[in-house]
Amino acid sequence: MQVYRDITAPTAITHCVLAAFISSDNQNLIVIKSASLLQIYQFVAHESQDLGVKSDAEIQSQWQIENNENFIGDIEIEQSKTSILTKLELISEYSLSGSVIGLSTVKTSLDESRDYLLIAFESAKISLIGWDENTNGVMTISLHYYEKHLFDSMLNADKPERDSFLRTDPGNFCSCLKFGRDMFAFLPIRREDDEEIFNNDTKVDHQMEPFTRLFYPSFVISATMLDENIINVIDATFLYQYREPTLAVLYQPKRTWIGTIDKLKDTTALIVVALDLYQRASTPILSVTSLPYDLKSLYALPAPITGTLILGANEIIHVDPAGRALGVAVNAAAFESSDFELNDRSFLEIKLEGSQLAHLQNNIVLLILGSGELQLLEFIMDGRTVEGIEIHSLESIEKLIGSTVSCIAAYPQKRKIFFGSKEADGVLLGWRKLGETRVKATLAETEETAIRDKDYDDEDEDIYGDSASNDVTKSAIDNLNGEDGQNEPSKQFSFSIHDEIVNHGPLTNMAIGSVNTFDKSEVTTSKLEVVGARAGDHQTGGLSIFRRSISASVIGKVFIPQCLALWTVKTKSRNTKTSSESALDQIDKYLIVSMEDESLIFEIGKQFEEVRNSEFDTKSPTVSVGSIFDGTRIVQICPTDIRVYDSELQIVQMIPIENEENTDEEPEVVFASVSENAVLILLDNGCAILYKGDSETLELQETNSFKGQRYTAGTITSMSKKYFPVKDKAPIRKTRKRKRPQSSKTDDYAERISSESEYVCILISSTQDLIIYRLSDNKVLYTVSHVNDLPMVIQPLHAEVNSRSVLRRKSSGLIPFGKNRENKCQIAEVVHSALGDDISRQNYLIFRTMTNDIVIYQPFIISSSLRTEAVHLAFRKVENPIITRAKSEDLEAEGNSTSESPSRHGEETLQELKTRAKLSRFQRLITLQDVTGFSVVCFLGEATANSPEPYWIIKTTKSMPKLIPFMGGSTRYLSAFNSMSVDRGFIYARSNGEIRICQLSRDFSYETSWPSKKIVMDEDVHSIAYFPETSMYVLSVSTKSPFSTQGAFDEKDEDSNAELDESKSEIPQDSNFCAMTEHGSLKLVSPISWITVDTFEFMPNEVALTVKMVSLQVSEQSKARRQYMAVGTGIFYGEDLPAKGYVYIFEIIEIVPEPGKPEHNHKLKLIVKEDARGVVSTLCDVEGYLLAAQGQKVMVRALREDNSFLPVAFMDMNMYVTEAKCIRNVILMGDIMKSVWFVGFSEEPYKMQLFGKDLQRVEVSSADFIINSEQVHFVVADANKKIHILQYDPEDPRSVSGQLLIRKSEFYTGHVIESMTMIPKIYAPNDSKLATNDDGPGSSLYSKMGEQYMCLGVTTSGNLVSITPISETQYRRLFLVQQQIYERTDHIAGLNPRMHRSMFSKETVTGSATRAMLDGNMIFKFPSLNIDRQLDIIERSGKGGESEIWDYFLELDRALSYM
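Residues numbered from 1 in each chain as written. Predicted model: local features only at pLDDT ≥ 70, side-chain atom pairs only at ≥ 80, totals over all residues. Heavy atoms only, no water.

Visitor: Is there a simple way to explain the overall build of the protein in this structure?
Guide: Tallying secondary structure elements over the protein gives 18 helices and 88 strands in all. For the protein, the proportion of its 1459 residues judged to be buried stands at 57%. As displayed, the protein has an accessible area near 62,300 Å², and 46% of this comes from carbon and sulfur atoms. (Helix = DSSP H or I, 4+ residues; strand = E, 2+ residues; numbered from the N terminus. Buried < 20%, exposed > 50% of the residue type's maximum accessible area, 1.4 Å probe, protein only. Areas by Shrake-Rupley, 256 points an atom, 1.4 Å probe, with all protein chains shown as cover.)

Below you can see the structure in the form of structure tokens.
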């Protein structure tokens, strides 16, 4: 029994579209990653200042000059340039239980001002989704499925899902899904102006629900019903400028290929048909036949060009509405493969495979080649007729994209284009006309406030430029003055990069190595890092590095053994004026340390100097410290009083905590929150006291706002006034507005208050009610009861909610009052803080429960139908799959108990409040406003003995808030730290009394759940291996080089074609369009700086296909073994000559490094080079011997003492072997067609014996073992994105005495897993020693390894995945949890996750009880459900307490906690 889980989200972009999705005023970028992750972005303006972009050589030269003490020369002052860049900000993301094959936008009668998304899936489904303002998320509106027609068409089709696509008519008449074998499903869209077209039976019934009258009944027809000649459809698209939906279809009546091109060519045809959606009929308008056979894609062009543009491999053809075809040959191969009349532009030598198009403006179309280069297509117009096509190369920006583009979304109004790719980063480009920019910039020089305006438009971009390179070049001035080259489009347009979406795919291989950095001060809990080999289009190839936790550089250390908490404060004199603020005012001046019975205060300088001659109270512990009144006063909150000091630490006010309840025990402060001019404290008896500051006297005054009530948590923060508008402040729809595109519906008042904020106090009462007070007038602004149910949406209920919305929201668990079930979840702490980076920050409401669960809510403005006159605020829960709770021994007893304590029915008792207060003396959620540009919230895990490791809640512009582990479980407290030597760092205290001053590493990106970093090598990386003795990585890389058969005839091969001779190896190389092949090399890379230390070049046409670290026996007498690096290569001369390969054995030796290059202290030393007489596809070591798969054989070799290889055993495989893994003397091998083989190897005598094999047709991409105590299973991943679980069990009668492997399960992952590695799985949530950085082989961490082993893999989608073994008991409980989540929760787009995971599964799965692998992505949605839903699922999942279920989640979540 196993659990599959995506550790990181996929990053490869497959689909994108531009849509006014969230609101009609702004466009959103909709992105689909790996056909399964939906992301919604918005465009934001970001101001940046730079001195221009410099190359690495310029930076190195400048560094040398700056470090030359004797340098005296001219000083050149570079003027800083202000540029406004358009950035992408992630709004929301959703995981889809299906594989997306098409994405488009439509407008519906629900809201014609906004766009809705049509998403097509490979299971022949179409879903319509839209944005729901009531929940601030997407909603599924309709689902259309055609599986029956797909099944019928698949009987005679070869993988039809790869040829499926979705198209939408530009006039919004209908959408079309092509699937199966030339099947078309049409979905007519209802419009207000077409009701009279249809008869009375199909007229719109206005009494129907709005969701049911969006479409007319859809219908499915075959391509031959459109026209009898249509067969073998290649592509189709709807055309512009037609009153009725008009479809252009590209098809191939007779198929041909390059081998029959002499006899059969120009077999493609184009037909344009007008559709009658009511009669379900079509009328051919025009047809063009005898088109080149290699045409692949259709593009509809808008006015003024119109017509259809067809792209082939070697030509571009335009067909106008009259049927006139005009073609251009872009290389010489076009004339050899086609007799179609083409204009000769073969001198361009362009390859069009993988090309895409985007319309820029008027008669200009942007062509993106498969290599990422950009070309401009200029259509020469004569009125409305296209007379010619000119192609202009943009040579200066050929590396802006760098790889094949998978999708394009153009934004002409803002002059932006987004390119998505499966092999490179997604790129947002901006473009402009250089002459226009110069004129507008000259006219707009007096605009001084444009940059402060929130409504960013093209005027701002023209003023400041759209990139760092926004200076006007000489060519732009020449164009403006009308000099030569004015009319050439390539010189008129300027492109620049605005933003990028990181893509780590495709990952083809992986290695796990120890963390080793150049900066020895860098500290991280990650002891191991996953390094993935990234293959791309050479320009994008490299490495991707993943670590489980956050890394930081330690700047300094100090020891204070009894430190429990610490704070830093900034101060300034009262006489300091705001206008004269300097950088010194932003520097922290004091460090306050709280211990058990006393406090210490230090002045921050070059060293920490204890402040002794001050009135600061050091004789009592400190609960909290902060500054008020713009830093002119320091507030110290002690357990029994509050003290206010001036900037020189002289006391100016002392406020004792009075016993207002007249009890015997004096109350103590257990929590405090300090803002600019107010202080909130919570006492151990549950009372809350608010102190407001007087701006004249600079003193705190107590208010009576919260008397008579008890509270468990609270905070002071600032919130936008747009959530709580003031009545009659300004008329909403009568305010005069500045005329602006895209924002004409926004009133000035709403725009102004959206940027203003006010201080509020957020409190959680003892009855778990959320209350928000305004500090200025002590008015209650917002109240929601029982938020401890943690609903999906927190919002007050109103009578305006319609019945349909209530039913839908109740089914999603959005109404917090669906059940009045009592639950034991209590909110212990609340924080309202901004999360984000330098580009964008968003406010979030964060709860910490008594069980240390972290719940994140995002505030939003509810729709007008639900809002009241005074409240526009609601909170939506952010999905958080990370388990932060500790394993509590008390939870199990409470979960099995049927009696409930009195505190669950009402307010907590006084003794319960005091007991809870002692357990959490200091706050566990710490806000850091600026840590190297990030605003984060830190969750500390030392509140109880069984505490979880600390986490940082971090968010970037392109990610949602996520929890990432930080610094192990030894962090007691943390605070921001900013000094002259440490810029925007932080300081934290460990449990051993060590205080560290750190800076966050910006080398890693925090957009994924594991921090990651990309190393670009400009070469494809095929394989990678880690050598632990030297902590070095060995990479197999390759580059493109002209094809040559040199060396193919040096050695005679009995299998070679005798008719070939060496004269045929002379291939002319004078053409730029010559054939290219791979030329490989081996690189030794240091993980310290990720630079190449040594390189070994292979022969021409030779590429290293596999690199493995092996342990080989070097002596037959002593049986001693040594570690080597084994390399298997292949030499490819084309299809006319047989491929061959070699086996290399390298040793990594230590040498004396070059001066100034300490990392160059190792070198590759060749030990053995063995001719394998076949391509060596995979390697592994077995009992000290080397196993190599060469051609169709597997051979075991022994390394002798004279460094020679001796073959000792072999086995015929009949197939190309793709994978070989070994445990002791048993081997698991997989090939490209016949699945896996389980083989044994013995030394006495030497032989290989087949134990069992699988009979299914499986193209194995990777495989490995998975161990659960005494059970061993085989995990096999194939090229169809599935995982197979098999077992060798000779005692099972179905195995035929062990000859057949028992198939246990199949699981559809949606990713091609290219590489897997078996690693240990541990579970020790209560052992705090496991989180320290001093673990060694003898520690408790390693003692828990060895019982279970899991698999970690990398995919072509750019993410990490895991397959984890679990016990029978765990499987039974978690399977029931999964079933409940499947059945009782809403799924995006109306998809069926159970069907998705069993897609294309065979019925031949065997076993005593056939059991599906658990979907970890689905079951880890359980922590994000509301409490009522969680308890309901637990009750339905069988016997056992609540703590048992949570322990299972903890085990899965922390299986890799040692990494």
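Visitor: Help me out: how do you make sense of the environment of Phe1422 in this one?
Guide: Along the chain, the position of Phe1422 falls in the loop between helix 16 (1416–1419) and helix 17 (1427–1436). When its relative accessible area of 0% is taken as the criterion, Phe1422 is described as buried. Placed 27 residues apart in sequence, Phe1422 and Phe1449 show a C-alpha to C-alpha distance of 9.4 Å. Leaving out residues up to four positions away in the same chain, Phe1422 has contacts with Val1377, Ile1381, Gln1430, Ile1433, Ile1434, Ile1445, Trp1446 and Phe1449. (Contact = heavy atoms within 4.5 Å.)

Visitor: Teacher, can you tell me more about the sheet that holds strand 33 (residues 528–534) here?
Guide: Two pairing modes exist for strands in a sheet, parallel and antiparallel, and in both the strands are linked by backbone hydrogen bonds. Ordered by their spatial adjacency, four strands build an open sheet running 31-33-34-64, and the pairing between neighbours is antiparallel. Where the open sheet ends on each side, the last strands, each with one partner, are strand 31 (507–514) and strand 64 (1012–1016). Adjacent strand axes in the sheet meet at a mean angle of 20°, parallel and antiparallel pairs treated alike. (Pairing = 2+ DSSP bridges. Axes fitted to C-alpha atoms, helices over the stretch in contact; angles between N-to-C directions.)

Visitor: Any chance you could explain the pairing of strand 67 (residues 1076–1086) here in plain terms?
Guide: Side-chain positions along a regular strand alternate between the two faces of the sheet. Taken across its 11 residues, strand 67 has nine buried, putting it largely inside the fold. As judged from the 10 bridges shared by strand 66 (residues 1032–1042) and strand 67, these two strands associate in the antiparallel manner. Pairing of Ser1041 across the sheet is with Thr1077, part of strand 67. Sheet topology places strand 67 next to strand 68 (residues 1091–1097); six bridges connect them, and they run antiparallel. Along strand 68, the bridge assignment pairs Leu1084 with Asp1094. In this antiparallel pair of consecutive strands, strand 67 and strand 68, the connection spans four residues, and Trp1090 shows a positive phi of 60°.

Visitor: Help me out: how do you make sense of the pattern of salt bridges in this one?
Guide: Any two side chains of opposite charge can pair, so long as their charged atoms come close to each other. If you walk through the whole model with that rule in mind, you get 45 salt bridges. Residues Lys1282 and Glu1306 are paired through a salt bridge, measuring 3.5 Å at the closest nitrogen-oxygen approach. On the criterion of sequence distance, the pair formed by Lys1282 in strand 83 (residues 1282–1287) and Glu1306 in strand 84 (residues 1302–1308) is long-range, its members being 24 residues apart. Taken together, the salt bridges that share partners define one network made up of Lys557, Arg990, Glu994 and Arg996. (Salt bridge = Lys/Arg side-chain N within 4 Å of Asp/Glu carboxyl O.)

Visitor: Got a minute to help me understand the packing of aromatic side chains in this structure?
Guide: To describe a pair of aromatic rings, one takes the distance between the centres and the angle between the planes. What the rule picks out here adds up to 42 aromatic pairs. By way of ring pairs, the aromatic residues Phe1096, Phe1098, Tyr1142, Tyr1144 and Phe1146 are connected into one cluster. Over the aromatic face of Trp1446 sits the side chain of Arg885, whose NZ or CZ is 3.9 Å from the ring centroid. Positioned above the aromatic ring of Tyr1142 is the side chain of Lys1169, whose terminal nitrogen or guanidinium carbon lies 4.6 Å from the ring centre. (Phe/Tyr/Trp six-rings, centres within 6.5 Å; stacked < 30°, edge-to-face > 60°. Lys NZ or Arg CZ within 6 Å of the ring centre and 35° of its normal.)

Visitor: I tried to follow the sheet that holds strand 39 (residues 608–610) on my own but got confused; where do I start?
Guide: Taken together, four strands build an open sheet; the order of strands is 36-37-38-39 and the sheet is antiparallel. Strand pairing shows two members of the sheet lacking a second neighbour, strand 36 (565–569) and strand 39, which therefore form its edges. Between one strand axis and the next, the sheet turns by 30° as a mean value, whatever way the strands run. With five bridges connecting them, strand 37 (residues 590–594) and strand 38 (residues 599–604) associate as antiparallel partners. Note on strand 38: the bridge partner recorded for Ser594 is Ser599.

Visitor: Explain the packing of helix 14 (residues 1368–1384) against helix 17 here, please?
Guide: To describe two helices that pack against each other, one gives the angle between their axes and the distance between the axes. Packing of helix 14 against helix 17 brings their axes to within 9 Å, and their N-to-C directions diverge by 130°. As summarised for this structure, helix 14 and helix 17 are arranged oblique, according to the angle between their axes. In the crossing of helix 14 with helix 17, the sense of the turn from one axis to the other is right-handed. Mapping the contact onto sequence places Arg1373, Leu1376, Val1377, Gln1380, Ile1381 and Arg1384 in helix 14 and Arg1429, Asp1432, Ile1433, Ile1434 and Arg1436 in helix 17. Here the contact of helix 14 with helix 17 is composed, by residue class, of five nonpolar, one polar and five charged. (Parallel < 35°, antiparallel > 145°, perpendicular 65-115°, else oblique. Left-handed = near helix turned anticlockwise from the far one by under 90°. Nonpolar A, V, L, I, M, F, W, Y, C, P; charged D, E, K, R; others polar.)

Visitor: Looking at this structure, I do not really get the environment of Thr1369. What am I missing?
Guide: Its place among the elements puts Thr1369 in helix 14. Residues Thr1369 and Met1 lie 1368 residues apart in sequence; the distance between their C-alpha atoms is 10.0 Å.

Visitor: Explanation requested: the confidence of the model for the protein in the structure shown.
Guide: For residues with low pLDDT, the predicted coordinates do not support detailed interpretation. The pLDDT averaged across the protein works out to 81; a share of 77% of its residues lies at or above 70. Of all the helices and strands in the protein, helix 7 (residues 474–480) carries the lowest mean pLDDT, 35, while strand 3 (residues 28–33) carries the highest, 97. Across residues 728–754, where pLDDT falls below 50, the model places 35 contacts with residues more than four positions away in sequence or in other chains. Across residues 1403–1409 the pLDDT falls below 50, and counting only partners more than four positions away or on other chains, this stretch makes 17 contacts in the model. (pLDDT = per-residue confidence, 0-100.)

Visitor: Is there a simple way to explain the pairing of strand 54 (residues 841–849) in this structure?
Guide: In the sheet, strand 53 (residues 827–836) pairs with strand 54 via nine bridges, with the strands oriented antiparallel. Pairing of Ala834 across the sheet is with Asn843, part of strand 54. Linking strand 53 back to strand 54 in an antiparallel pair, the connection comprises four residues. As paired elements, strand 54 and strand 55 (residues 854–861) share four bridges and run antiparallel to each other. Paired with Leu845 across the bridge in strand 55 is Tyr857.

Visitor: Please explain a nonpolar patch on the surface as it appears in this structure.
Guide: Where nonpolar side chains cluster on the molecular surface, the patch consists of Tyr1216, Ile1232 and Met1233 and spans about 220 Å² of accessible area. When you line up the elements, Met1233 lands in the loop between strand 78 (1226–1231) and strand 79 (1236–1242). Residue class for Met1233 comes out partly exposed when judged on its relative accessible area of 31%. (Patch = residues over 30% accessible without salt bridge, like charges linked within 9 Å, V, L, I, M, F, W, Y side chains within 5 Å.)

Visitor: Teacher, can you tell me more about the packing of helix 14 against helix 18 (residues 1442–1453) here?
Guide: Look at helix 14 against helix 18: their axes get within 11 Å of each other, and the N-to-C directions meet at 100°. Classified by the interaxial angle, the pair formed by helix 14 and helix 18 is roughly perpendicular. Touching Thr1369, Gln1370, Arg1373, Leu1374 and Val1377 of helix 14 are Glu1444, Ile1445, Tyr1448, Phe1449, Glu1451 and Leu1452, all from helix 18. The residue makeup of the contact of helix 14 with helix 18, split by class, is six nonpolar, two polar and three charged.

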